[in-house]
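Inside the fold
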Amino acid sequence: MKFELKTQFQIESARFLPHLPKTHPCARMHGHSFVLIFTFLGELDPQIGWVRDYHEINELLRPLLTQLDHQVLNEVEGLSNPTSELLALWLFERARTLLPELTRVTVKETPTTECSYPGVLA
Ligand SMILES: [Zn+2]
């Protein structure tokens with residue numbers, strides 16, 4: 001029996017998007033309070049009655065989030081062009097090696113927008 005889990009984090013980061021025309025507002029350095037949502041699909045552990053310990057998930061993801069929080073994303077290795085799409089991919093590729101049940105990473109750069117990398121569909 002499989003269940004879907006989601007956990008979300010907020011980080012504050014600066015970025016600029018270098019491939020946009022200079023006149024575009026996102027070409028200038030600016031900040032976002034990014035909301036990052038990680039989705040997992042996994043089998044229920046019949047002994048404990050859960051899929052995965054949220055505390056363990058948080059501990060595993062924290063080093064990745066530390067690389068991004070209060071940083072200029074363009075300076076992070078692999079994020080020279082830190083669009084929300086490429087940030088979701090960057091997070092997925094790294095988090096998936098730690099948490100194989102990961103199916104999706106969603107990046108919300110504002111309260112009204114969100115971008116998801118669906119990874120491997122279950
Ligand atoms: Zn932006």
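For every chain, the first residue of the written sequence is number 1, and numbering continues from 1 onward in sequence order. Only residues with pLDDT of at least 70 are given local features in this predicted model, and only at 80 or more are side-chain atom pairs given and counted; all residues enter the totals for whole chains, interfaces and linings. Side-chain numbers here rest on the full set of heavy atoms in the structure, without hydrogens or water.

On to the packing of helix α1 (residues 54-68) against helix α2 (residues 84-98). Angles here are taken between N-to-C directions and fall from 0 to 180 degrees, while the axes themselves are lines fitted to C-alpha atoms, restricted in helices to the stretch in contact. Secondary structure elements are taken from DSSP: a helix is a run of H or I of four residues or more, a strand is a run of E of two residues or more, and numbering for both begins at the N terminus. Packing of α1 against α2 leaves a shortest axis separation of 10 Å and a crossing angle of 150°. When the axes of α1 and α2 are compared, the pair comes out roughly antiparallel. Here α1 and α2 pass one another in a crossing that is right-handed. On α2, the residues touching Leu60, Leu61, Leu64, Gln67 and Leu68 of α1 are Leu87, Trp90, Leu91, Arg94, Ala95 and Leu98. As a working rule, the residues Ala, Val, Leu, Ile, Met, Phe, Trp, Tyr, Cys and Pro are called nonpolar, Asp, Glu, Lys and Arg charged, and the rest polar, with Gly in that last group. Grouping the amino acids of the contact of α1 with α2 by side-chain chemistry returns 9 nonpolar, 1 polar and 1 charged. Roughly parallel means an angle under 35 degrees; roughly antiparallel means over 145; roughly perpendicular covers 65 to 115; every other angle is labelled oblique. Left-handed describes a crossing whose near helix is turned anticlockwise from the far helix through less than a right angle; right-handed describes the clockwise counterpart. In this analysis, two residues are considered to be in contact whenever any of their non-hydrogen atoms come within 4.5 Å of each other.

By convention in these notes, a salt bridge is any Lys or Arg side-chain nitrogen within 4 Å of a carboxyl oxygen on Asp or Glu. Taken as a whole, this structure holds 4 salt bridges when the rule is applied. Across the salt bridge formed by Arg15 and Glu109, the nearest N and O atoms sit 2.9 Å from each other. Highlighted residues: Arg15 in strand β1 (residues 2-15) and Glu109 in strand β3 (residues 102-110), separated in sequence by 94 residues. The buried label goes to any residue with under 20% of its type's maximum accessible area, the exposed label to any with over 50%, and the partly exposed label to all in between, with areas taken from a 1.4 Å probe on protein chains only. Arg15 sits in the buried class, given a relative accessible area of 1%. Assessed through its relative accessible area of 22%, Glu109 is described here as partly exposed.

What follows deals with the coordination of the zinc ion. Surrounding the zinc ion are the protein donor atoms Arg15 (NH2), His30 (NE2) and His32 (NE2), which sit 2.0 to 2.7 Å from the metal. Here the donor residues of the zinc ion are spaced in sequence according to R-x14-H-x1-H. Of this pair, Arg15 sits in strand β1 while His30 is found in strand β2 (residues 30-43), placing the two residues 15 residues apart along the sequence. Counted as donors are the N, O and S atoms within 2.8 Å of the metal, or 3.2 Å for Na, K and Ca, while water is not among the atoms, so some sites may look incomplete.

Turning our attention to the packing of aromatic side chains. Here is the rule: rings of Phe, Tyr and Trp (six-membered ring for Trp) pair when centre to centre is within 6.5 Å. Planes less than 30 degrees apart are stacked, more than 60 are edge-to-face, and the remainder are tilted. In total, this model carries 2 aromatic pairs according to the counting rule given. Residues Phe9 and Phe38 carry aromatic rings whose centres are separated by 5.7 Å and whose planes lie at 80° to one another, so their mutual orientation is edge-to-face. Of this pair, Phe9 sits in strand β1 while Phe38 sits in strand β2, placing them 29 residues apart in sequence. Phe38 shares its class with Phe9; the two are buried. With a centroid separation of 5.2 Å and an interplanar angle of 70°, the aromatic rings of Phe92 and Tyr117 are classed as edge-to-face. One end of the pair, Phe92, is in helix α2; the other, Tyr117, is in strand β4 (residues 113-117), and 25 residues separate them in sequence. Take Phe92: its relative accessible area is 6%, and that puts it in the buried class.

With that out of the way, let us pick up the environment of Ala14. Considering the arrangement of structural elements, one finds Ala14 in strand β1. Exposure remark for Ala14: the relative accessible area of 19% places this residue in the buried category. Residues within four places of Ala14 in sequence aside, it is in contact with Met29, His30, Gly31, Gln71, Val72, Leu73 and Asn74.

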